[in-house]
Amino acid sequence: MDRAACIGMQSALTAAHRARNQLAQPFPDRPVNPPECDNSGGMAMLDDKQQQLCDDNKTDFSDLTALFINCTLKYAPEPSHTDALIDMSEEIMRANGVGVERIRATDYEIAYGVYPDMTKHGAQTDQWPDLWAKVEAAHIVVLGTPIWLGEKSSVCQLIIEKLYAHSGQHNDKGQYVFYGKVGGTLITGNEDGIKNCAMGILYSMQHVGFAIPPQADAGWIGEAGPGPSYGDERDDGTRAGFDSDFTRRNTTFMTWNMMHFARMLKDAGGIPAHGNSQGLWNEGRRFDAPNPEYR
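Okay, so let's go over this structure. The model shown is predicted, which means the values in this text are computed figures rather than measured ones.

**Overview of the overall build of the chain**
Link 1 in the chain: Summing up its helical and strand segments, the chain has eight helices and six strands in all.
Link 2 in the chain: In sequence order, the secondary structure elements of the chain are arranged as α-α-β-α-β-α-β-β-α-β-α-β-α-α.
Link 3 in the chain: Look at the contacts in the chain between residues 6 or more apart in sequence, and 75% of them connect residues 24 or more apart.
Link 4 in the chain: Carbon and sulfur atoms form 53% of the exposed surface of the chain, whose accessible area is close to 14400 Å².

**Remarks on the nonpolar core**
Link 1 in the chain: Phe68, Met93, Val98, Ile140, Leu186 and Met259 are the most contacted members of the largest nonpolar core, which totals 30 residues.
Link 2 in the chain: Those elements that provide at least two residues to this core are strand E1 (65-70), helix H3 (81-95), strand E3 (140-148), strand E5 (182-189), strand E6 (217-221) and helix H7 (245-267).
Link 3 in the chain: In this view, valine 98 contacts Phe61, Leu64, Thr65, Ala66, Met93 and Met259; residues no more than four positions away in its chain are not counted.
Link 4 in the chain: By size, the runner-up hydrophobic cluster in this structure holds 26 residues, among which are Leu143, Leu158, Leu163 and Phe178.

**Examining unusual backbone geometry**
Link 1 in the chain: For the bond running from alanine 76 to proline 77, omega is 10°, close enough to zero to count as cis.
Link 2 in the chain: Checked against the element boundaries, proline 77 lands in the loop between E1 and H3.
Link 3 in the chain: Of note, leucine 149 is a non-glycine position whose phi angle comes to about 55°, a positive value.
Link 4 in the chain: With respect to the helices and strands, the residue leucine 149 is situated in the loop between E3 and strand E4 (151-152).
Link 5 in the chain: Its relative accessible area of 80% is what places leucine 149 among the exposed residues.
Link 6 in the chain: Of note in this structure, glutamine 215 is not a glycine but carries a positive phi near 50°.
Link 7 in the chain: Note that glutamine 215 resides in the loop between helix H6 (194-208) and E6.

**Thoughts on the pairing of E3**
Link 1 in the chain: Among the nine residues of E3, eight are classified as buried, and the element is accordingly described as predominantly covered.
Link 2 in the chain: Alignment of E1 against E3, held across five bridges, turns out to be parallel. If you follow isoleucine 69 over to E3, its bridge partner there is leucine 143.
Link 3 in the chain: In this structure, E3 lies alongside E5, joined through seven bridges in parallel fashion. Within E5, the residue paired with isoleucine 140 across the bridge is valine 182.
Link 4 in the chain: As judged from the two bridges shared by E3 and E4, these two strands associate in the antiparallel manner. Among the inter-strand pairings, tryptophan 148 is bridged to a residue of E4, identified as glutamate 151.

**Some points on the pairing of E6**
Link 1 in the chain: Bridging between E5 and E6 involves five bridges; their strand directions are parallel. From the neighbouring strand, threonine 185 faces E6, where its bridge partner is aspartate 217.
Link 2 in the chain: Handedness of the crossover is the feature at issue here: the chain leaves E5, passes through H6, returns alongside E6, and the resulting connection is right-handed.

**A word on the packing of helix H2 (residues 48-56) against H7**
Link 1 in the chain: Look at H2 against H7: their axes get within 11 Å of each other, and the N-to-C directions meet at 15°. As summarised for this structure, H2 and H7 are arranged roughly parallel, according to the angle between their axes. Two packed elements cross with a definite hand, and for H2 against H7 that hand is right-handed. Here H2 contributes Lys49, Gln50, Leu53 and Cys54 to the contact with H7, which in turn contributes Asp245, Arg248, Thr252 and Trp256.
Link 2 in the chain: Taken together, the residues that form the contact of H2 with H7 break down as three nonpolar, two polar and three charged.

**Overview of the pattern of salt bridges**
Link 1 in the chain: A complete count under the given rule lists 12 salt bridges for this structure.
Link 2 in the chain: A salt bridge links glutamate 90 to arginine 94; the shortest N-O distance between them is 3.1 Å. Here arginine 94 and glutamate 90 lie together in helix H3, a separation of four residues that amounts to about one turn.
Link 3 in the chain: Given a relative accessible area of 4%, glutamate 90 falls into the buried group.
Link 4 in the chain: Taking relative accessible area as the criterion, arginine 94 reaches 13% and is therefore assigned buried.
Link 5 in the chain: Across the pair lysine 162 and aspartate 126 runs a salt bridge whose closest N-O atoms are separated by 3.4 Å.

**Brief notes about helix H4 (residues 128-137)**
Link 1 in the chain: Within the sequence span of H4, burial applies to Trp128, Leu131, Trp132, Lys134 and Val135. The arc that holds every buried residue of H4, seen down its axis, measures 160°, which confines them to one face.

What counts, and where the lines are drawn
- Residues numbered from 1 in each chain as written.
- Predicted model: local features only at pLDDT ≥ 70, side-chain atom pairs only at ≥ 80, totals over all residues.
- Heavy atoms only, no water.
- Helix = DSSP H or I, 4+ residues; strand = E, 2+ residues; numbered from the N terminus.
- Contact = heavy atoms within 4.5 Å.
- Areas by Shrake-Rupley, 256 points an atom, 1.4 Å probe, with all protein chains shown as cover.
- Core = buried A, V, L, I, M, F, W, Y, C linked by side-chain atoms within 4.5 Å.
- Buried < 20%, exposed > 50% of the residue type's maximum accessible area, 1.4 Å probe, protein only.
- Pairing = 2+ DSSP bridges.
- Right-handed = clockwise from strand over helix to strand, strands pointing away.
- Axes fitted to C-alpha atoms, helices over the stretch in contact; angles between N-to-C directions.
- Parallel < 35°, antiparallel > 145°, perpendicular 65-115°, else oblique.
- Left-handed = near helix turned anticlockwise from the far one by under 90°.
- Nonpolar A, V, L, I, M, F, W, Y, C, P; charged D, E, K, R; others polar.
- Salt bridge = Lys/Arg side-chain N within 4 Å of Asp/Glu carboxyl O.
- Arc of directions from axis to C-beta.

Purely geometric numbers; function is a separate question.
Laid out in structure tokens, this is it:
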């Protein structure tokens, strides 16, 4: 399959996936996601090391779900470089039975503001409640973003603000609603900024309650200055970033760490509620801390 045909298939499947997401319940058994093209023009697969890790895995992840939110500034069906990197992490999860869904935030009309539904606060339209149902159902949430001027995209910042809109909600233990969920980030660009973006994204996610595993970020950038972005075709016919062992390794470690954390948290019934329950705190529990009123 030549590159033009592959991109055509990628665009068609992206459009089909977008239409399906508008109708489907969160995490259908096998959601359709657009495949990427490999260096030779065919469909990309995991390399031998990554495939061996999947083949050797003995842990059952089949009751876990993951949501990838691509915060590209592009609108479907235009191909996204960030999608190409998400493909790798998603394929590892799928190979291990995780139920995966991917959405592109620009496919939705998401209103600015830090309330769960901004139509109750002046906005004419806000489709965030539709996306929130998917976030709420997921065990793993990954934010993917391009780098612009050294920073995460404005769409990524918008999604972070919408997550923060739910920071006052609680689970059935009285903990903040994101407790028990695992977070991570994937970043692409052709300029510096991976660590800076990851720092802000992962801080924000843990602040609202996500558990962040070790090495929960991965990315690819090219040389300084103008140049190809991840997945762009080079003059020799190869695709930028696909040959980066550093990016492939970090994406692999990140993905497995997120799955391991999600597995441990689900098996443990989430994070123990002692010392971190807003509901119990409001009832007067101080979790063995000295009460200043009696000092």
